[in-house]
Amino acid sequence: MAESITIEVQRYRPEEQSQPSWQTYEVPFQPEWMVLDALNYIKDNLDGTLSYRWSCRMGVCGSCGMMVNGEPVLTCAAYLKGFTPGPIRVEPLTGFPVIRDLIGDMSDFLEKLSRVSPWIMREEEPPLSKGEHLQTPEQLAEYKGYSMCINCMLCYAACPIYELEPGFIGPAAIALAQRYNLDSRDQGAAERMKTLSDAEGIWACTFVGECSTVCPKNVDPAGAIQRYKLAATVDHFKSMVLPWSER
Amino acid sequence: MVRAVNPDYTPHHPKWYRRRIPIFWWIRKRAYVKFIARELTSPFVAYAAALLLMQVWALARGGAAYARFLAWLQLGPVLIWHGALLIILLFHTVTWLNLAPKAIVLHVRGRRIPDAAVVAGHYAAWLAVSTFLVWLLVRGW
Ligand code: SF4
Ligand code: FES
């Protein structure tokens, strides 16, 4: 018989249970399989009731994030062989209310994301006849890293502050705010600062730094937040020294 | 087939499960332990600052008070405690300086200064200030 590996999955079926429980499955061990392939094997062959999210299977859509052996990972990018000999524990991302099995509710993030106005804001829009907004490669490099975010929520699952203080806007939303602040075409930094410079924004962050460690796209949200703190502090002192200047 | 055995469940309505955060959540991961350790060193940094202020205060109250303060500093237990304090402060300082490039992004002529250079700059500044203080102390008056 081919080799197999044990997968322990956290189950939560609200119509049947009020507390989650563990269910164990034996799946064939294939060295080229990802954890997601093992879950798909379970769903297709062993237990069709298992619920989880996935789509692209190539680390782009950001929907397959789960806790694997306690670490937030994209399951489509985590080799089974990285966890041999097993058992492998699969849980929903921490910090989010669980809807069912491995599916967390991301509504809170989506609401917070909209608060930071994640789009290019302009005070005045030049007429179309003026042509497009040009940007140099250096200007692009300023924000490009932050634009790689795929909203996978691994950073939220890694952030203890988000779970302890649910009001915290959180790493990805702040990194995405920076993505627009640092864009040479954007003029909304002051507006976003109003949302982010309070206790639930950048100052809730105590710099654990794990968000950047787990990010599969090297977005470095922790760096984004610390840069933001520095900018907010400089702004504050500027407004004290030059109170008449535009806040 | 729905086996509705959870009496709190309303069909077709989400019933979220929210876990209780364990008190010792930070034991789970090395990075969290390190973070908590760094946070816990903060009151000791405050203590060190207060100690310096007390020294200045003792000095302001005249030679006798200052001599008493120095004698207290030289007590065995106080020496041991302040030796431990030094280690705690070093841990705080080193972890803090290593994090500096996360917040400070500098550009020189359009090129971003690498993180290692930002860290090195901080250590160099630390060394310079410390050397100056040592020089002040040992040259005598
Ligand atoms: S910042 Fe990284 S970890 Fe966080 S949501 Fe974006 S891609 Fe995922
Ligand atoms: S399935 Fe799309 S990121 Fe994993």
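Residues numbered from 1 in each chain as written. Chains lettered and ligands numbered in written order. Predicted model: local features only at pLDDT ≥ 70, side-chain atom pairs only at ≥ 80, totals over all residues. Heavy atoms only, no water.

### Some remarks on the sheet that holds strand 2 (residues 21-28) of chain A
Residue and element names in this part refer to chain A.
- An order of 2-1-5-3-4 is seen for the five strands of this open sheet, with the pairing classed as mixed. Edge positions in the sheet fall to strand 2 and strand 4 (71-74), since each has one partner strand and no second. Here the average twist between neighbouring strands, direction ignored, is 35°.
- Across three bridges, strand 1 (residues 4-11) lies against strand 5 (residues 88-91) in parallel orientation. Bridge pairing in strand 5 places I7 opposite I88.
- Against the sheet, helix 1 (residues 35-46) contacts strand 1, strand 2, strand 3 (65-68) and strand 5, and its axis sits at roughly 95° relative to strand 2. (Pairing = 2+ DSSP bridges. Helix = DSSP H or I, 4+ residues; strand = E, 2+ residues; numbered from the N terminus. Axes fitted to C-alpha atoms, helices over the stretch in contact; angles between N-to-C directions. Contact = heavy atoms within 4.5 Å.)

### So, the UniProt feature "transmembrane region" (unreviewed entry) in chain B
- Annotation from UniProt places "transmembrane region" (unreviewed entry) at residues 44-67, 79-99 and 120-138 of chain B.
- Within the segment residues 44-67 of chain B, helix and strand shares are 92% and 0% respectively, and the terminal C-alpha atoms sit 24 Å apart. (UniProt positions renumbered as here; feature names shortened; annotations may be inferred.)

### Topic: the domain arrangement of chain A
All names here are of chain A.
- Each assigned domain of chain A is listed here: domain 1 (4-104) and domain 2 (107-245).
- Taken residue by residue, the interface counts 14 residues in domain 1 and 13 residues in domain 2.
- Of the roughly 1,000 Å² buried where domain 1 meets domain 2, counting both sides, 68% is carbon and sulfur surface.
- Taken together, the links from domain 1 to domain 2 amount to zero salt bridges.
- The interface formed by domain 1 and domain 2 contains two residue pairs in polar contact (both at pLDDT 80 or more).
- Of all the elements in the fold, those that place two or more residues in the side of domain 1 that touches domain 2 are strand 3 and strand 4.
- Considering every element that reaches the side of domain 1 that touches domain 2, the biggest residue donor is strand 4, with four residues.
- Considered class by class, the residues forming the side of domain 1 that touches domain 2 number eight nonpolar, five polar and one charged. (Domains from an automatic or database assignment. Buried area = accessible area lost by both parts, 1.4 Å probe. Salt bridge = Lys/Arg side-chain N within 4 Å of Asp/Glu carboxyl O. Polar contact = N/O pair within 3.5 Å; in protein donor to acceptor, adjacent residues only side chain to side chain. Nonpolar A, V, L, I, M, F, W, Y, C, P; charged D, E, K, R; others polar.)

### Some thoughts on the side chain of H92 of chain B
- Checked against the element boundaries, H92 of chain B lands in helix 3 (residues 76-103).
- Look at H92 of chain B and you get buried, because its relative accessible area is 17%. (Buried < 20%, exposed > 50% of the residue type's maximum accessible area, 1.4 Å probe, protein only.)

### Here we look at the interface of chain B and chain A
- Of the residues lining the interface, 27 residues belong to chain B; the matching set on chain A comes to 38 residues.
- Taking both partners together, chain B and chain A bury about 2,700 Å²; carbon and sulfur atoms supply 58% of that area.
- Three residues stand out in chain B for area buried against chain A, namely Y17, K29 and K102 of chain B, and they jointly supply 25% of the buried area on that side.
- Between the two partners, chain B and chain A, sit three salt bridges.
- Taking the shortest distance from any N to any O, the salt bridge between E71 of chain A and K29 of chain B comes out at 3.4 Å.
- On the surface where chain B and chain A come into contact, there are 12 residue pairs in polar contact (both at pLDDT 80 or more).
- Those elements that provide at least two residues to the side of chain B that touches chain A are helix 1 (30-60) and helix 3 of chain B.
- Of the residues forming the side of chain B that touches chain A, the biggest block, five residues, is contributed by helix 1 of chain B.
- Class assignment of the residues belonging to the side of chain B that touches chain A gives a composition of 15 nonpolar, three polar and nine charged.

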